[in-house]
Protein chains: 4
Amino acid sequence: VVILLAPDADVVRVRAALQGLGLWTEPVSGAAGAVAGLEVLPHSRAVPREAIRQVSGVADVVERKSPHPLVDAQAGRAATVGRVQVGGGAPVVLMAGPCSAESEPQVTASARLVASVGGKLLRGGAYKPRTSPYGFQGHGREALAWLRRAADAHGLGLVTEVVDEAEVEAVAAVADLVQVGSRNMQNFGLLRAVGKTGRPVLLKRGMGARVSEWLLAGEHLLHAGAAAVIYCERGVVGFDPATRNLLDLGAVALLKHVHRLPVVVDVSHAAGRRDLIPPLARAAVAAGADGLLLEAHPDPSQALTDGPQALDPETLAALARDVVGGGP
Amino acid sequence: VVILLAPDADVVRVRAALQGLGLWTEPVSGAAGAVAGLEVLPHSRAVPREAIRQVSGVADVVERKSPHPLVDAQAGRAATVGRVQVGGGAPVVLMAGPCSAESEPQVTASARLVASVGGKLLRGGAYKPRTSPYGFQGHGREALAWLRRAADAHGLGLVTEVVDEAEVEAVAAVADLVQVGSRNMQNFGLLRAVGKTGRPVLLKRGMGARVSEWLLAGEHLLHAGAAAVIYCERGVVGFDPATRNLLDLGAVALLKHVHRLPVVVDVSHAAGRRDLIPPLARAAVAAGADGLLLEAHPDPSQALTDGPQALDPETLAALARDVVGGGP
Amino acid sequence: VVILLAPDADVVRVRAALQGLGLWTEPVSGAAGAVAGLEVLPHSRAVPREAIRQVSGVADVVERKSPHPLVDAQAGRAATVGRVQVGGGAPVVLMAGPCSAESEPQVTASARLVASVGGKLLRGGAYKPRTSPYGFQGHGREALAWLRRAADAHGLGLVTEVVDEAEVEAVAAVADLVQVGSRNMQNFGLLRAVGKTGRPVLLKRGMGARVSEWLLAGEHLLHAGAAAVIYCERGVVGFDPATRNLLDLGAVALLKHVHRLPVVVDVSHAAGRRDLIPPLARAAVAAGADGLLLEAHPDPSQALTDGPQALDPETLAALARDVVGGGP
Amino acid sequence: VVILLAPDADVVRVRAALQGLGLWTEPVSGAAGAVAGLEVLPHSRAVPREAIRQVSGVADVVERKSPHPLVDAQAGRAATVGRVQVGGGAPVVLMAGPCSAESEPQVTASARLVASVGGKLLRGGAYKPRTSPYGFQGHGREALAWLRRAADAHGLGLVTEVVDEAEVEAVAAVADLVQVGSRNMQNFGLLRAVGKTGRPVLLKRGMGARVSEWLLAGEHLLHAGAAAVIYCERGVVGFDPATRNLLDLGAVALLKHVHRLPVVVDVSHAAGRRDLIPPLARAAVAAGADGLLLEAHPDPSQALTDGPQALDPETLAALARDVVGGGP
């Protein structure tokens, strides 16, 4: 964004007025040498263009066209997921369940647990994208059926991940909210296929993805026909091994308060360690998250995947009471 | 950390028990081929060594000695700053004021503002470390006097930065809490000089510093004689220009809930933009911050430095009410 | 990796001997307090385990099993791509061509150019993964035919990207080397499908992918049946906008000199700017690259995608002479 | 940088011409809706402003003034260090020696080694900035004397680090090139004090410092009176623990080929492991480094600091022959 100045503008006064509005600016000059405009630095407050144009001495504000008009059109609106609203001022939504759907009894016990603490959606993986080809890859379609039955039995919606174009229809047939994982954030074929189903989508941020790229991945989904996109922050790569991933709550605040889009946080993957999940879950909600995605397991010691970061029933219940007022 | 196994240990059962405790482990083997131990991955829950040793099949737990015994000895204790306690279960402390001390009236107006919203410490820079040699470098000792008088007049403590060994005594003579900035986190000569004054120190994290290096910088301070170290997160470098710095609340949660050290967050520098400061301040407190450091100015449009990120009086008051219950 | 010490070991002497071998170590102790072992830090020189075991005072070396045995089995061997060898001591291979295959004449002119400067493989995209849904997505199968004809006409091999499982067979039918792009490095369904074709694969590193994850993605390919995997570094995310991506030649040196795997560098995407491509191409070869992937265009001003980073014919010719001794 | 367009400009043709020059551009529009200018993206080729202004349809090019005029004035000129020229087209300069000056015999043996392989400057630390307060901090002024005598005895120049303002005069009295370390890159008091000595300075890049900040740190030095600034890349923080630091040769190429400033690379700290130093040293020179800073020790197993990354005499000799044609 560049603010063009009127020929007689008082540069010092214009910059002070813009600073008052929360804008960081740097003067730019052309061949003639005089200040011709003010470049607005990216970490400035979001200010409507009209407000800038009204500052005395400003001739015009020139900027790039938004590359994601369909995403922008979602601003301020909730995403509807079955009977649940996410974002747009709706209460914080808890989505919880095991990392993997391991057996029908495990899924059923998980759904009972989630419902009992006030959760609205059951999560659980039927297809697991694994870093190693030798890891457990999920029970597939059989697990989809377990998840749907368990969700129905406890009055929950279902969010579950699809990792392959060939399985999109099967997943969309049972999921209220179709999840696209971090590793597939820019798998454009999958985005198109998921979008075409017309379902709402939970779009996880890639671990090395800029917010601008994440927004554009949502544009792919909406362009293909998705009913809505809920953005899910889950930690990005960082230089410090002290935490597993670097939870970027600045991005959450930006999506919620500036872009006004539905945004949830997967605290389990961001933290990677059980003792940091409750404080970071509270922080996510404070930063503006419209929902939380949490891994919980009836018995973490027996989980096939991600057990060390799964919450046990007591911790989940305490956290739910705290952040969503859930449970008895 | 490596867990050594008893010769007859059942590896699967030991790993399940450790997973139940929240530990991520990987088997390690030697020349003989059998599993000899379990390596604990860094993003595991903090579990007392005794609890691990009691798991059936565990022979011993071997690990490095902590490199920062003096820091560890602070665990669980509040830092005393004048009449204010920071950490150790004390209420959240608000530290606010202008980026730079620009004039005595500006400093006085700022102190009045801070006191009126329930702040406990006045902040303000007499010496400004500037990226460019051509920027405003601060009013120096004169400004120190303004700050002390204004703090006294409004019943506030004073936190202010020292950037030069030659000025350490002058700053320590007036400051209740001596600030060491991000760019000086590993300026060991300065750390020694500040430590020798015996004052409590606010130690900002370097923008590319790992938590392990930050803790060791605190060890330098305590080793030299500092009364206490309060860690201050202010955002680290990240790959996404969407926000100015990347606020690392995972590190805040780690310091507060695992290391149990006093930790505060400088939200102004982390966010860089005024519209994200309130939600990120709330998130910082939720993650475990014992205090907030905020830039505020009686009239941000007239600030000599950092005006675009300074809170105006109304926003500061609203935020203070929200996070520290301050003000009338 | 942990080195276990004999009960009577002289820790100081053992550490000195290991330091002499290039190992960074830290002592670890158990409940009894005495040093029981030495943890080897990750940035140590690669030293055969037998050499460590022979150090006086060392009882055993315990470590994790490699998670990628099929990749490890490639060590030291060249990948065969048609009539070309990549890695294993073969001369540096130049792979060049346009970002997108835009028309048959453009592809033909590109192939002529590549052949004339000593290139061995033609590159060019028939399917373009685009950040925005509104960008040019490639000419698809028609373009595959152009590429194959042009490569054949000039005695070149062909490397081209596949972005969708549905197109894997079509691409594998014409490409000598099937490219998996950065955004798909962990699209495991695509990796499986590509691996099943039994072709050699060029696997680009994800922009936020650790080397350990990249190696495992190669394991997915080999496990599914790929003939060989050539790793392609193309820059990772970094905190400095001074360059488009951060070219990680340390990773290239690691793959070539420690893992001894075939590795090439896509300098065009790493640099993003034409004036840095020649020096970084030379640096890539010096660090150990077995090949270079370069974007070149008969007329960069007319390129539909990535024109600003495409090399013009003269610059390509000069660079080729320099790094692969190519051309007349 | 924004390119303002003439009212009748053909935007498509202007962008094609600019793309031909290597510029990435995005159109910007104001209230009237029509394209008013083209924003030049940061990863574009460096093109003289006059060349852009001559493109038909371009009205003016507006941009920020350079914040470091004194640095810019160094462009294309060599830095003179005693009898040695660094940069400006001079041959690659080898600077080598131990991490720490441990004893006079060790320093003397090191100087003999460096001279024998064709090195021009002896390096070695008399003051060691250590992450921990309990590590070896260097022998101080005594070591300065050892270093000077050893350098003189073997016809070498001396580069050594200063970490404290109080020692600046003592260091400047013996060093031909005064080194400012990574941790002090923005210790502005130290920069001023070092600059005032009028000596040439080796300025290491901070581990989390952007190139723009690094250039400004050099401006601080020149503004205070430094004779010249030689920039030294030594690796930055990265997300991958596979290498100790992330060597940023893109920044080296940028400083050498775009800013045309003297730049050297400290490969030892960048790699951290002995087996990657030779290939990365060759890569650094290929990317444009005017010199190399290498840690070498007569017997790495006995080094007090950084032994695992020190080159032994044979490896240093082989590398020197390779990159600077040194030695017999």
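Residues numbered from 1 in each chain as written. Chains lettered and ligands numbered in written order. Predicted model: local features only at pLDDT ≥ 70, side-chain atom pairs only at ≥ 80, totals over all residues. Heavy atoms only, no water.

Colleague: How would you sum up the overall build of chain A? Please name residues and give values.
Modeller: Counting its regular elements, chain A contains 12 helices and 14 strands. Its C-alpha atoms put chain A at 75 × 40 × 35 Å along the principal axes. Going through the 328 residues of chain A one by one, you find that 64% of them count as buried. Within chain A, residue pairs in contact and separated by at least 24 positions form 66% of the contacts whose partners lie at least 6 positions apart. When the accessible area of chain A is evaluated, it comes to approximately 10700 Å², of which 52% is carbon and sulfur surface. (Helix = DSSP H or I, 4+ residues; strand = E, 2+ residues; numbered from the N terminus. Buried < 20%, exposed > 50% of the residue type's maximum accessible area, 1.4 Å probe, protein only. Contact = heavy atoms within 4.5 Å. Areas by Shrake-Rupley, 256 points an atom, 1.4 Å probe, with all protein chains shown as cover.)

Colleague: I'd love a proper account of the environment of Ala-303 of chain C, names of residues and values included.
Modeller: When you line up the elements, Ala-303 of chain C lands in the loop between strand S14 (291-295) and helix H12 (313-324). Distance in space between the C-alpha atoms of Ala-303 of chain C and Glu-102 of chain C is 8.0 Å, their sequence separation being 201 residues. If near-sequence neighbours (up to four positions away) are discounted, Ala-303 of chain C is found in contact with Glu-102 and His-297 of chain C together with Gln-19 of chain D.

Colleague: Quick one: what's the story with the packing of aromatic side chains, residue by residue and with numbers?
Modeller: If you walk through the whole model with that rule in mind, you get 4 aromatic pairs over all chains. Ring geometry for Trp-214 of chain B and Tyr-231 of chain B: centres 5.3 Å apart, planes at 90 degrees, overall edge-to-face. Here Trp-214 of chain B, found in helix H8 (residues 211-224), pairs with Tyr-231 of chain B, found in strand S12 (residues 228-233); they are 17 residues apart in sequence, far enough to count as distant. When the ring centre of Trp-24 of chain C is taken as origin, the NZ or CZ atom of Arg-244 of chain D, which lies over that ring, is 4.5 Å away. (Phe/Tyr/Trp six-rings, centres within 6.5 Å; stacked < 30°, edge-to-face > 60°. Lys NZ or Arg CZ within 6 Å of the ring centre and 35° of its normal.)

Colleague: So, unusual backbone geometry: which residues are in play, and what are the values?
Modeller: One non-glycine residue with positive phi stands out, namely Asp-306 of chain B, at about 60 degrees. Inspection of the secondary structure assignment puts Asp-306 of chain B in the loop between strand S14 (291-295) and helix H12 (313-324).

Colleague: How would you summarise the interface of chain B and chain C if you had to cite specific residues and measurements?
Modeller: Between chain B and chain C, the contact holds 20 residues from the first and 20 residues from the second. Roughly 1500 Å² is buried in total at the junction of chain B and chain C, and carbon and sulfur atoms are behind 62% of that figure. Area buried by chain B at its contact with chain C is led by Val-62, Arg-64 and Phe-239 of chain B, which between them contribute 31% of it. For the interface between chain B and chain C, the tally reads 2 salt bridges. Put simply, chain B and chain C have 6 residue pairs in polar contact (both at pLDDT 80 or more) between them. When residues of the side of chain B that touches chain C are traced back to their parent elements, those giving at least two are strand S1 (2-5), strand S2 (25-29), strand S3 (35-40) and strand S4 (58-62) of chain B. In terms of residue count, the dominant contributor to the side of chain B that touches chain C is S2 of chain B (4 residues). Residue composition of the side of chain B that touches chain C, grouped by class: 11 nonpolar, 3 polar and 6 charged. (Buried area = accessible area lost by both parts, 1.4 Å probe. Salt bridge = Lys/Arg side-chain N within 4 Å of Asp/Glu carboxyl O. Polar contact = N/O pair within 3.5 Å; in protein donor to acceptor, adjacent residues only side chain to side chain. Nonpolar A, V, L, I, M, F, W, Y, C, P; charged D, E, K, R; others polar.)

Colleague: Which residues make up helix H4 (residues 104-116) of chain D, and what values do they have?
Modeller: Residues and elements named next belong to chain D. Spanning 13 residues, H4 covers 18 Å between terminal C-alpha atoms, matching the ideal 18 Å at 1.5 Å per step. For H4, the set of buried residues is Gln-106, Val-107, Ser-110, Ala-111, Leu-113 and Val-114. Considered in projection along H4, the buried side chains sweep an arc of 160 degrees and stay on one side of the axis. Buried residues along H4 sit in contact with strand S7 (93-97), strand S8 (121-123), helix H5 (141-153) and helix H12 (313-324). (Expected span 1.5 Å × (residues − 1). Arc of directions from axis to C-beta.)

Colleague: Please provide a residue-by-residue account of the packing of helix H7 (residues 188-196) of chain C against helix H8 (residues 211-224) of chain C, values included.
Modeller: Residues and elements named next belong to chain C. One way to put it is that H7 packs onto H8 with a least axis distance of 7 Å and a crossing angle of 40 degrees. With respect to H8, the axis of H7 lies oblique. Crossing of H7 against H8: the hand is right-handed. Taking contact as the criterion, the partners of Phe-188, Leu-191, Arg-192, Val-194, Gly-195 and Lys-196 in H7 are, on H8, Ala-217, His-220, Leu-221 and Ala-224. Taken together, the residues of the contact of H7 with H8 sort by class into 6 nonpolar, 2 polar and 2 charged. (Axes fitted to C-alpha atoms, helices over the stretch in contact; angles between N-to-C directions. Parallel < 35°, antiparallel > 145°, perpendicular 65-115°, else oblique. Left-handed = near helix turned anticlockwise from the far one by under 90°.)

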